[in-house]
Amino acid sequence: MSSEHLWRFIRIGLVGLILLAAVAGLVLGDTWLWVAAEWSPPTFGEFSTGDGSDGSAGLALFGAALVKAALLWLILRAPEPGALGRRERALRRLLYLAVAYALVLWYPIALLPGAVDAAFTLVLWAAIDVLYLLVIRWRSRLLRGAAGVLFAVELAGAADELLDELDLPELGTGGVIQLGLIWGGVLATLVTVLGQWRDGRWSRGTQIAGLSSVGVYAVAIPFGLLVGGRFGSGLAMVILMDAVRLVSTLWIAATARELAAGGRPADLRPVRRRGSRVAVAAVAVLSLVVLINPEQNARLTYTAGSADCYDRPSFGDVKPAERDAVFLCRARSTDGAGPPMFPDTTSDQAVLAYGRALCRAKDTDEQEAILTRAGSARAAWRVYPEELVYVCPEIIGATRPDLLRSTAEEAAANAAYIAGENAKCRDPWPRTKGVVQATAKYFLFVDGDPGYLVQDPEGEAAMEEAELATDRSYDDGALIGVARGAVLIGHVEDVVDLCLTVKAFRAAPPLRTAGWDQVHEVPIVSRSGRLAVPERAGGDVGAGAPMPNLAIAGKGRYRLRVHVRVGEAGEEHLVVVFPGASRKRLKLKS
């Protein structure tokens, strides 16, 4: 059997199986249709007939099976005869490997770790692109240089995916850069088709297949951004888009098939040459025209499924050109278990317009009216300045200049604020020095906090004892709740912060009640050799300065003497810790 007959036998057999499976699917159900159209087990795509999809999915699968069968018939044509050089032979083999990957090898490779697939793609296309530069007769140094640049951008996109799979820093740190890498690959295909046209070895059909693949990607990229790559109500469209993507595989196969060293006659008559050029240019232009939508149509740059929407950059860290994109992210984000500010069907232009209208609203009632007009599910919710600052910084910044800071500026301002608050607190017992001691502002929750803990944070039951001490602080209106390794000390006034001084002694210090409103003494146990007060580092609650280890004698029992008073300086606490075996609770001044 000759090679040509073998290719024909393979074509008839494979296409026949696909058509047979598609017809069987009409009788036996969508599972067979999925196999016929997607060439993979239904479980791979998480597809099932009971997933709530309507009949459009089955119809789309049948149509996709017919389209892919027709394209496969064209892909599996036998290579044209002709002598090949060493480079041409290597390029043909690599191109057929790319075709095999697109048709069948993708499934077993997809079962491996994602980094294997990304590395295989990067290495394969790096070799193909290098051979493209060497084999195609570009007949122009400028065109060859442009091809080299676009091939480099295409490979940068593949390298970016590999870095992502390896959890390494990516090349594309933003949505704009990632889109640039994607479109670089599309333009690389376009310039390769132009090189084939100038070379003369490839037929018009092959060139049209290449231009058609550019058109398919021009539609697929915004479509992928719209659906976020997820199956759902758009399952039928996802299936059909997957089918027409095989046009790119057809172009690769045709490129390999017609890679003969002899070349093709290029002496077309002038009229036919001009007509061919017009036709090729028309196809190229029409491929890009599909991207141009009417202004009233929705342009969805960011959706709730965009990974970037989970970032929360400070305003000062965002470049002016990227502020609208950040607002679009926040406006469509569902992070926080709430509905998005605007529905996904609202275009980018409309979202930005509504955002600027919200900035100019006089009160919350006017904001609610704007959100209702926009069809927002958050009409009755509040729109926060933190969300609007990206779309109208000149308005929000006039009343909230703190929202215009960068991360570094915010950290510096927060550190200065804490240092200023700590400076307001003084040691109420300066003449008696502890072995270790500290004075700082203790910050509580704004909406009400029972108090602060002195506890053994490394004890076996630290969390349970902290909860028990908190519960006991409410019993009979007691100021202090005790639970072995944890003591919850409450506050007298309705405050959000207080001045706290802690001191540790090796023995009981002199009793001091003068000048204090309340003095209590309670037992506490340290099982790990630590007794600590929570610090505010990295959070909103805790001491504003480092707190020492109060268990200066190591593991064992201690006494905790708590002094509380309220004066012109606010509420002040003095906590004195010293070793002691007594388990009594004493009210030394009440």
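Residues numbered from 1 in each chain as written. Predicted model: local features only at pLDDT ≥ 70, side-chain atom pairs only at ≥ 80, totals over all residues. Heavy atoms only, no water.

Our next topic: the confidence of the model for the chain. With 80% of its residues at a pLDDT of 70 or more, the chain has an overall mean of 81. Contacts from residues 225-233, a stretch scored under 50 in pLDDT, to residues over four places away or in other chains number 11 contacts. For the stretch residues 264-269, pLDDT sits under 50, and the model shows 11 contacts to residues farther than four places along the chain or on other chains. (pLDDT = per-residue confidence, 0-100. Contact = heavy atoms within 4.5 Å.)

On to the pattern of salt bridges, then. Going through the model one piece at a time under the given rule, you end up with 17 salt bridges. A salt bridge links D199 to R201; the nearest nitrogen and oxygen atoms lie 2.8 Å apart. A single burial state applies to D199 and to R201, both of which are buried. Salt bridges sharing partners connect three or more residues here, namely E88, R137, D199 and R201. (Salt bridge = Lys/Arg side-chain N within 4 Å of Asp/Glu carboxyl O. Buried < 20%, exposed > 50% of the residue type's maximum accessible area, 1.4 Å probe, protein only.)

Next up on the list: helix α6 (residues 141-165). Taking 1.5 Å as the rise per residue, α6 with 25 residues should run 36 Å; its terminal C-alpha atoms sit 36 Å apart, in good agreement. Near the N-terminus of α6, the side chain that reaches the backbone nitrogen of L142, with its oxygen 3.4 Å away, is that of S140. One or two residues past the end of α6 sits D167, with phi positive at roughly 55 degrees. (Helix = DSSP H or I, 4+ residues; strand = E, 2+ residues; numbered from the N terminus. Expected span 1.5 Å × (residues − 1). Polar contact = N/O pair within 3.5 Å; in protein donor to acceptor, adjacent residues only side chain to side chain.)

Below, the discussion takes up the environment of R527. Here R527 shows up in the loop between β6 (518-526) and β7 (542-543). Separated by 43 residues in the primary sequence, R527 and R484 place their C-alpha atoms 9.8 Å from one another. Excluding residues that lie within four positions of it along the chain, R527 makes contacts with D456, E465, R484 and K555. Of note is the side chain of R527, whose polar atom sits 2.8 Å from the side chain of E465.

Moving on to the sheet that holds strand β4 (residues 486-490). Pairing in this open sheet of 3 strands is antiparallel, and the strands run β2-β4-β3 from one edge to the other. Where the open sheet ends on each side, the last strands, each with one partner, are β2 (451-455) and β3 (480-483). With strand direction ignored, the average angle separating the axes of adjacent strands in the sheet is 15 degrees. Docked against the sheet, helix α18 (residues 462-473) engages β2, β3 and β4, running at close to 145 degrees with respect to β3. (Pairing = 2+ DSSP bridges. Axes fitted to C-alpha atoms, helices over the stretch in contact; angles between N-to-C directions.)

This part covers the nonpolar core. One recurring pattern in soluble globular proteins is that nonpolar side chains are buried together. Within the largest apolar cluster, 40 residues are counted, with the highest numbers of intra-cluster contacts made by I75, L91, L95, W125, I128, Y132 and I252. Breaking this core down by element, the ones donating at least two residues are α1 (3-28), α3 (55-75), α4 (86-110), α5 (114-135), α6, α7 (175-199), α8 (204-227) and α10 (246-257). Residues contacting I252, with those up to four places away along its chain left out, are L95, A98, V99 and W125. (Core = buried A, V, L, I, M, F, W, Y, C linked by side-chain atoms within 4.5 Å.)

One pass over the structure, following the stated rule, counts 8 aromatic pairs. For the pair Y132 and F151, a centre-to-centre distance of 6.1 Å together with 35 degrees between the ring planes defines the contact as tilted. Of this pair, Y132 sits in helix α5 while F151 sits in helix α6; the two residues are 19 residues apart in sequence, bridging distant segments of the chain. Among the residues examined, Y132 registers a relative accessible area of 2% and is labelled buried. Given the relative accessible area of 4%, F151 is considered buried. For the pair Y417 and F443, a centre-to-centre distance of 6.2 Å together with 45 degrees between the ring planes defines the contact as tilted. Residue Y417 is found in helix α17 (residues 407-423), and its partner F443 is found in strand β1 (residues 436-443); the two are separated by 26 residues along the sequence. (Phe/Tyr/Trp six-rings, centres within 6.5 Å; stacked < 30°, edge-to-face > 60°.)

Further remarks concern the state of the cysteines. Two cysteines whose sulfur atoms are joined by a covalent bond form what is called a disulfide. Enumeration over the complete set of coordinates arrives at 2 disulfides. Here C425 is linked by a disulfide to C499, with a sulfur-sulfur distance of 2.1 Å. For the disulfide bridge between C425 and C499, the dihedral angle about the S-S bond is near -80 degrees, and by the sign convention the bridge is left-handed. Within this pair, whereas C425 is found in the loop between α17 and β1, its partner C499 is found in strand β5 (residues 497-504), the two being separated by 74 residues in sequence. For the pair shown, C425 and C499 are each scored as buried. Numbered by position along the chain, the disulfide-linked cysteines of the chain connect as 1-2, 3-4. (Disulfide = S-S within 2.5 Å.)

This part is about α10. Relative to the 16 Å expected for 12 residues at 1.5 Å per residue, α10 spans 16 Å between its end C-alpha atoms, a close match to the ideal helical length. Counting buried positions over the 12 residues of α10 gives 12, a clear majority of the element.

Turning next to the pairing of β6. Burial runs high along β6: 8 of the 9 residues are buried. As judged from the 9 bridges shared by β6 and strand β8 (residues 556-567), these two strands associate in the antiparallel manner. Among the inter-strand pairings, S526 is bridged to a residue of β8, identified as G556. Direction of pairing for β6 relative to strand β10 (residues 586-589): antiparallel, over a ladder of 3 bridges. In the sheet register, H520 faces β10, and the bridge partner there is K587.

Pairing within the open sheet is mixed, and its 7 strands lie in the order β7-β1-β5-β9-β8-β6-β10. In this open sheet, the two strands that pair with only one neighbour each are β7 and β10. Its contacts with the sheet place α17 against β1 and β5, and it is angled at close to 115 degrees to β1.

Now for unusual backbone geometry. Located in the positive-phi region is R139, a residue other than glycine, with phi close to 60 degrees. Overall, R139 belongs to the exposed group, its relative accessible area being 53%.

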